[in-house]
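Chain by chain, the residues run as shown.
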Amino acid sequence: EGKSARFVYLYERLAQSVERIVLDMAEELRCSDFQPLEFELGLGRAAPGAALSLDGGGSVRAAGIADRVDGWVHDGRLYLRVVDYKTGRKSFSLGDVYYGLGMQMLLYLFTLGENGVADLPSPGEAGVLYMPGSGHFTRDRRDASAESIAEDQRKSYCMSGMVLDNPEVIEAMELGTAGRYIPVSLKKDGSYTAASSVITEEQLGLLRRQIAGNVVRMAELLHEGKIGAVPANRNGRLPCEYCDYRSVCGREAEWPDRPVVKLEKAEIYEQLEGGQLAWQM
């Protein structure tokens, strides 16, 4: 009472978005054998079970909070997936991971896969998923039917990410594998749509090695005092354009940056097999 019409409109729109998200999430869980094991799971420097082993010995410790960790027990093995809620239009990019960006969810997954969750069975890694956490507007014709608009909105809530190339695991993630909630669906010939969102255990191993190497390289650079402003350059656009710390950083336009080149899935794994980091500073 007493609020402006603009406030009332924004409040009601937000309430409708929250209701849609909650109902959609409940339906997604009803259609899946994966069930939430932990919410806001903290992985801290001092917490046990937060270490990720490195090739050649040693380990790094992961710190952070996983929004949700789901699990499914099959044949005595616990399959884990990490779900991250995003209020924007963030989508998973294998290319970003290759270049040392967007590693958070996979870092959590590998750490949990190595150390387990509580006293549950030995874990396996089933995938990572971004879940849209805000209502989405759709681009439809003025004469579009209510059913068409509803279908477009439904599609906007589909998660993005990577799932293990295992038919039983994928079926458990979404019964029927229609691709309504997870980023892949089963075709009549037995193959999957969005093959770029399916990953083998061997490829997961390559990503684990790459991420561990990236984390170690970052730590080494920080320890050496190398904190130069060398931003990622994606198609000529730099994060400096919207950075709140531009005046503090003092970066000049002619300074070097790190090009982020779009690569196909096969090219990325070919590079990962070589064991070379994709970036240097």
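Only a predicted model underlies this, so the values are computations on that prediction, with no experimental measurement involved.

1. Considering empty space enclosed by the protein
Applying the stated criterion across every chain yields a total of one cavity of 30 Å³ or more. Counted as a void, the largest cavity has a volume near 70 Å³. Contributing to the lining of the largest cavity are I21, D24, M25, E28, M131, P132, Y157, M159 and Y181. Put simply, the parts of the chain that give the lining of the largest cavity at least two residues each are α1 (5-30) and β6 (123-132). The biggest single contributor to the lining of the largest cavity is α1, with four residues. Considered class by class, the residues forming the lining of the largest cavity number seven nonpolar, no polar and two charged.

2. Structural notes on the state of the cysteines
Here a disulfide denotes one covalent bond, and it connects the sulfur atoms of two cysteines. This structure, assessed with the given rule, holds zero disulfides. Cysteine C243 remains unbridged, with the sulfur of C240 as its closest cysteine sulfur at 6.6 Å. With no disulfide of its own, C249 lies 6.3 Å from the sulfur of C240, the closest cysteine sulfur. Overall, the relative accessible area of 42% leaves C249 in the partly exposed class.

3. Remarks on the layout of surface pockets
A volume near 460 Å³ is recorded for the largest pocket. Looking at the largest pocket, it is lined by 22 residues, and the ones nearest its centre are S93, L94, G95, K262 and L263. At the level of secondary structure, the elements contributing two or more residues to the lining of the largest pocket comprise α2 (94-98), β7 (160-164) and α8 (265-274). Of the residues contributing to the lining of the largest pocket, the split by class is 10 nonpolar, seven polar and five charged. The calculated volume of the second largest pocket comes to roughly 380 Å³. Surrounding the second largest pocket, 16 residues form its lining, P231, C240, R246, C249 and R251 being those nearest its centre. For the lining of the second largest pocket, the per-class residue count stands at 10 nonpolar, two polar and four charged.

What counts as what
- Residues numbered from 1 in each chain as written.
- Predicted model: local features only at pLDDT ≥ 70, side-chain atom pairs only at ≥ 80, totals over all residues.
- Heavy atoms only, no water.
- 1 Å grid on protein atoms, 1.4 Å probe; cavity = no way out; pocket = protein on both sides within 12 Å on 5 of 7 lines; lining within 4 Å.
- Points joined across faces, edges and corners; volume = space filled by probe spheres on them.
- Helix = DSSP H or I, 4+ residues; strand = E, 2+ residues; numbered from the N terminus.
- Nonpolar A, V, L, I, M, F, W, Y, C, P; charged D, E, K, R; others polar.
- Disulfide = S-S within 2.5 Å.
- Buried < 20%, exposed > 50% of the residue type's maximum accessible area, 1.4 Å probe, protein only.

Purely geometric stuff here, so don't read any function into it on its own.
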